[in-house]
Structures are given as C-alpha cells and as structure tokens.
Amino acid sequence: MGTGGLYIYTGPIIAFFFSALYFGVWTHRRERLYILLLSLSFFCFMLAALSQMLSIPRDSGLNAVVSAVIYTLCISLLAKGVALRFHEPRRDRLTVIVAVAVVVLSAYFYYVDRSLILRIYVQNFGYGIIVIAVALRMQGRRRGLDLAFFWVLLLFGLHFFVRTVLTAPILGDLARYDHLVAAGADPEELRRAFAASPFWQVMNFSVFISGLLIALMLFVAVALDVIEDFRRDSGSDTLTGLLNRRGFHLEAEAVWRDAGMRPVSIAYGDLDHFKAINDTFGHAAGDRVLKQFAETLSGELRHWDVASRFGGEEFVLLLPRASGEAALAIVERVRRALRDAVFDDLSDGRAVTVSFGIAEAGPTETAAEVIHRADVMVYAAKRSGRDRSVLDPQVPQP
C-alpha cells in the first residue's frame, strides 16, 4: 500500500485511537456515561469511513444507506455526549428528527431519485443542524473550557454547511459516479471514482482537522473530570456515596461561578422521626434506610443536580437551572417516591418520610446564605406536620 493509500486511512485510525482511549477511561469512571458515548461516537466514525473505503457491504445502494446510518449515529452520539458533559437539558427530539430524516432521505436519493449530490447535501446539512443545536444550547457559558468548546462546536457545525456549499461548483465529477452506479459498475471502481472526487478530498481534510481538534478538547474535558472525580472522592460520604459537606461546597462554588446554571435553588431535607427508627430497629437498619434514601435521590434527581449528606439524617440538594417553583416540583417527586418506598428492615411496615425546605438563590447571595434559608423552611415543614416541602416565597434582591 502506497503513501496515498495510507493517508486515506488516517481518519479511521485516529478515530479508533480516541475511541479506545475514551473507552479505557470509562471503564474506570463508569458513572461518567458521556465518556462511553464519545467512545462509541468515534468508533462509529471509524466503521462508517471503513464501510465507504472498503465497499462493505459491496452493494452500492446498501453501502450508501449503511454508511449514512452509522455516520448519523456517530454525530448523534457525539451531540448527546457533549450535552451530557456540559450539563445540558435532555432535548433530544431535534436530534432524533434530523437523524431519521437524514437516513430516510439518503435512502430516497439512492433508490427513488438517485443523486449522490443530494445525498451529500442532506447528510452534511443534517449533521450541521445537530451539532449547531447542541452548541447553541451552550450559549452564555463564561468559563474557559465551556466557552472555548462552544466556539469550536459552533464552527464544527458551520463547517458542514460552508464546506458543502464551497465544494458545490466542483461536484460535477460526482455525476460520473451516479452514471457508474446506474451502469452496474464494480464496487471497487465506484470506490476509486468517489475517492478521486474533489469533494471527498476536501471532506477528508476538513473532517480530519476539525474532528481531531474536537477529540483533543474533549480529552481535556475528560481529563479535568477525572481529576475532579478524584478530588470529589475525598469529599464523599462513605455510607451513602453522596457528597459530604466539603464535597457539596466545592461543587456549589463551581455552580455559583457559572452564570449558565442560573437560576439555582437549594433544598434542605431532614428524614422524619429517624431517631425512632434507630431506637426501634437498630443503627444498622437506620444505615440501610439512609442508603435507600440516597438511591431514591439518585433515581429522581436530574443528572446535573447534586445531592449531599450533611450529617446524620440531613441531606442538602443543589438544583441548578431550577427556580424555586421548579425546585419544589423536583423535591416533591423525591418526597413522594420515598413515602411510597418499601423498607424491608422496618418490620412494622412503617413508611419513611422526609421534610424539605427550599430556597431560590438571590443574585448576590452566597451558597451558605441560601442553605440557611432552606434550613429555616425545614423547621416550618416540621411544624406543619412533617412529610411535606415548604418553599421560601422570598428571593432576596440586591
């Protein structure tokens, strides 16, 4: 294989390298789901590129559809992984709609109205829309890595449009490809014809450069997260696995600095009559109740929310991007789930309940001040009969 032959495989080789790298990191930090999604995204890119380069499957129509499906899955996984990494809401509807449209239209413009040029426009414009949509959801970020990634992702999305439009005048060579397909040309001849087109050459170079830049920036994000995980491990509660006071305050500092996380609320929870549980069933049973409540929190909170155990039966929740009313709805979901839970250690079948106090942070308040207001609301909930959530109606203004 000559130097030119090796060159075209550079993209798949690098994609496989980053896929393996991310997968290796994920095996050690399995709670970071986005790392697995990034690994799968780069692996899909490798598969799609090799599918085209090696004509697998050999049928040209099936090859066009299969490669379109895998490329689309690659971009969709990348978008989802980035959204999870940067704590964006789960708005996957647009991605799903565009992804399905790309695959369906790719098949249509082969089997019904054969046109390689239109397939190129459909796929590139579709991928551009998916990536730009994710980038725009990061708008307003002010921190260094977040801001840098916003611009890189935005430019990566725009490049799908710009590259396709700029190469349109030289796409005439691809008309020959459609004629070869219609004539039933050998798959190897088709592969050589497409690989010789200016569009393929420009696409390989642009995707290689932009993809490498994104892969490197994502690796920086992954490395920072791993370092943060090690730091947070020292701030974790050994019984429940939630953050302890130290870990909570470190996380709150980061959220407080990020304007994109506003509004932010804090909920203070206290398990009702927990001393009676310890006295009746023993501390081991009480510990299992605490663990099960921690599991309830993990199951009901959003993936960017932060749960911590402040000590004993007291828990504090950090709820970014949640007004007081939104935080109240989240906490009510947690409260009802706990009340309906079954605790095998409590042989008398009693329910475990929790009282919550919620406060939305004012523009100039510190996290400690908001925690204090939420704590005051807990006492209001206890006085009102327990097993309820009380929201501080006042949000201090500057």
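See the structure printed just above.
Residues numbered from 1 in each chain as written. Predicted model: local features only at pLDDT ≥ 70, side-chain atom pairs only at ≥ 80, totals over all residues. Heavy atoms only, no water.

Looking at the overall build of the chain
Then, in step 1: Scanning the chain from terminus to terminus reveals 15 helices and 5 strands.
Then, in step 2: Counting across all 398 residues of the chain, residues that qualify as buried make up 53%.
Then, in step 3: Contacts in the chain between residues at least 24 apart in sequence constitute 72% of all its contacts with a sequence separation of at least 6. (Helix = DSSP H or I, 4+ residues; strand = E, 2+ residues; numbered from the N terminus. Buried < 20%, exposed > 50% of the residue type's maximum accessible area, 1.4 Å probe, protein only. Contact = heavy atoms within 4.5 Å.)

Looking at the pairing of strand β3 (residues 314-320)
Then, in step 1: With 6 of 7 residues buried, β3 lies mostly within the body of the structure.
Then, in step 2: Summarising the sheet, strand β1 (residues 264-271) and β3 pair through 7 bridges and their orientation is antiparallel. Considered in β3, the bridge of S265 is made with L319.
Then, in step 3: Of the pairings in the sheet, the one linking strand β2 (residues 306-311) to β3 comprises 5 bridges and is antiparallel in character. Each residue of the ladder has a partner; that of V306, found in β3, is L318. (Pairing = 2+ DSSP bridges.)

Considerations on the environment of V395
Then, in step 1: By the secondary structure assignment, V395 is in the segment after β5 (389-391).
Then, in step 2: Judged by relative accessible area, V395 falls into the partly exposed class, the value being 26%.
Then, in step 3: Distance in space between the C-alpha atoms of V395 and V370 is 9.6 Å, their sequence separation being 25 residues.
Then, in step 4: Those residues in contact with V395 that lie beyond four places of it in its chain are E360, A361 and G362.

Some thoughts on a nonpolar patch on the surface
Then, in step 1: Where nonpolar side chains cluster on the molecular surface, the patch consists of L62, L105, Y108, Y111 and V112 and spans about 490 Å² of accessible area.
Then, in step 2: For the nonpolar patch, the element with the highest residue contribution is helix α5 (residues 93-111), accounting for 3 residues.
Then, in step 3: Tracing the sequence through the fold places Y108 in helix α5. (Patch = residues over 30% accessible without salt bridge, like charges linked within 9 Å, V, L, I, M, F, W, Y side chains within 5 Å. Areas by Shrake-Rupley, 256 points an atom, 1.4 Å probe, with all protein chains shown as cover. Salt bridge = Lys/Arg side-chain N within 4 Å of Asp/Glu carboxyl O.)

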